[in-house]
Structure formats: structure tokens, C-alpha cells
Amino acid sequence: MTASTATREDLVALATIPLTRPGESTVPVRMQTEHLAAVEHDLSQRGIPAEIVEKYFLGLHRCDELPLELWVGMITDAYNLATATAAAPSHVAALAIEWAANDPLQRWVNAAPDGPSPLEDTIGEYLGSHNPFPDESRVDVLDPDDARSWVPATIVERTAVDEWTVEYDNGEQAWRDHQELRPHSPRPADG
């Protein structure tokens, strides 16, 4: 597996024992437990923090016997949410991942055979119905002159699904997308 989205086949390959009994199409609790241990170990080896793994996998430890396709969809969804959360490149990406993990329709989409959605699609869906940077809120904006530092500004208005007008403290205004914004931090904005 690569650092990109894992497929159902990737997760089935992590099983250390057969997931179903011969001739059956459901995953017994014992086999779920063994599979979870192998998948969680894989995530640990990839450096995914234990608290992120617990967040997405805790509910899977209490499942009854489930159909194989449902089990594999659920564990694949949890795996990809955990890896995406650990690698979230922006504040909005982290919010979108959290939303996708809790929104019933988005969970269903991600558990579908051709799911989960790529992170960019999840962010787009999230931004379509949420505004993480309301008008007049203070934010830190990626400095256009130094991509390693952040400068404070105020949101003037949201002009598109992924575009906000910001006003810097010197009065200058600019348009910025979610990757260039984060909540304002009262400590120094560099870094």
C-alpha cells in the first residue's frame, strides 16, 4: 500500500486469518477482532497516532457478525479516515474529514464499493454546506511573500464555495482559498 487511499483489497490483504468461515459470507466477531488488530498494527507502523486510530476504530470493536462486504467497507472507510486525518494538510481538510466520519450520507458514500471519496471531493462537499470562516472572523493567512509564515487578517466575506475576501491589518484586501487560511492564533503567527 502507498500513502494514498487504501482499497478494499488492500485491507483484506492485511487479514492474518480468513475473514469468513468456509462456505459463509459473514465475518464472525473473532475474525473481526483479528482483522482489526492487524489493521491497527499497520496504522501504528505507518506512524498514525493512537488517538486517531481509536477515534475511527472504536465503534468497529463492538460489531455483531456482519456481511463480508459491509465489514470490508467499514474497515476501509475507518482506515482511510485515520490516514487522511493524520496527513490533513489544512484546517478545513481536518474539519471535512471529521464531518465525513459523522455525516450519515457521507459515511454511506465512503462505504460504497467505489468509495471512499478522494479527500479533495470530501473537502468540496463539506464546503458546499459549511462555512469554516464566517464574515468578520480573525484568521491567519499564508503570507504571499513568505510561504513559510502566516499573517493575521479579518474575513470580509465569502465570495465563492472555496474563496474568501480577507483584509490584512494594513487595509489591503485579497482573495484566499481554504489552503491559505486557518483560525487565528493569538501567539506569533509564524510557523
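Residues numbered from 1 in each chain as written. Predicted model: local features only at pLDDT ≥ 70, side-chain atom pairs only at ≥ 80, totals over all residues. Heavy atoms only, no water.

Bringing the packing of helix α2 (residues 29-45) against helix α4 (residues 68-86) into the picture now. At a minimum axis distance of 11 Å, the contact between α2 and α4 shows a crossing angle of 20 degrees. The angle between α2 and α4 falls in the class roughly parallel. Of the two possible hands of crossing, α2 and α4 adopt the one that is right-handed. Here Q32, H35, L36, V39, D42 and L43 of α2 lie close against α4, whose contacting residues are W71, I75, Y79, A82 and T83. Across the contact of α2 with α4, the residue classes break down as 7 nonpolar, 3 polar and 1 charged. (Axes fitted to C-alpha atoms, helices over the stretch in contact; angles between N-to-C directions. Helix = DSSP H or I, 4+ residues; strand = E, 2+ residues; numbered from the N terminus. Parallel < 35°, antiparallel > 145°, perpendicular 65-115°, else oblique. Left-handed = near helix turned anticlockwise from the far one by under 90°. Contact = heavy atoms within 4.5 Å. Nonpolar A, V, L, I, M, F, W, Y, C, P; charged D, E, K, R; others polar.)

Right, let's get into the sheet that holds strand β3 (residues 138-142). The strand order β6-β5-β4-β3-β7 describes an open sheet built from 5 strands, whose pairing is antiparallel. Two strands close off the open sheet at either side, each with one partner strand: β6 (173-176) and β7 (181-183). Mean inter-strand twist for the sheet, computed between neighbouring axes without regard to direction, equals 45 degrees. Bridge analysis of strand β4 (residues 150-160) against strand β5 (residues 163-168) gives 6 bridges, and the strand direction is antiparallel. Bridging across to β5, E157 finds its partner in T165. (Pairing = 2+ DSSP bridges.)

Inspection of the entire model under this criterion finds 7 salt bridges. Linking R8 and E69 is a salt bridge whose minimum nitrogen-to-oxygen distance equals 3.2 Å. Placement of R8 in helix α1 (residues 8-13) and of E69 in helix α4 is noted, with a sequence separation of 61 residues between them. Taking the relative accessible area as the measure of exposure, R8 reaches 12% and is therefore buried. What makes E69 exposed here is its relative accessible area of 53%. Connected via shared salt-bridge partners are R21, E24 and E65. (Salt bridge = Lys/Arg side-chain N within 4 Å of Asp/Glu carboxyl O. Buried < 20%, exposed > 50% of the residue type's maximum accessible area, 1.4 Å probe, protein only.)

Detailed reading of predicted coordinates is not advised where the pLDDT is low. Looking at the chain, the pLDDT average stands at 87 and 93% of residues meet or exceed 70. Averaged over each element, pLDDT in the chain is lowest for helix α6 (residues 104-111) (81) and highest for β5 (96). (pLDDT = per-residue confidence, 0-100.)

Attention shifts here to the packing of aromatic side chains. Inspection of every chain in the model, using the stated rule, returns 2 aromatic pairs. With centroids separated by 5.3 Å and ring planes inclined at 90 degrees, the aromatic side chains of F133 and W164 adopt a geometry described as edge-to-face. Placement of F133 in the loop between α7 (119-129) and β3 and of W164 in strand β5 is noted, with a sequence separation of 31 residues between them. (Phe/Tyr/Trp six-rings, centres within 6.5 Å; stacked < 30°, edge-to-face > 60°.)

This part takes up the environment of V72. Here V72 shows up in helix α4. Sequence separation between V72 and L105 is 33 residues; the distance between their C-alpha atoms is 18 Å. If near-sequence neighbours (up to four positions away) are discounted, V72 is found in contact with R8, V12 and L19.

To continue, consider the packing of α4 against helix α5 (residues 91-102). Interaxial distance between α4 and α5 falls to 9 Å at its minimum, and their mutual angle equals 160 degrees. The angle between α4 and α5 places the two elements in the roughly antiparallel class. Regarding α4 and α5, the two cross each other, and that crossing is left-handed. Packed against α4, whose contacting residues are L81, A84 and T85, the element α5 presents I97, A100 and A101 at the interface.

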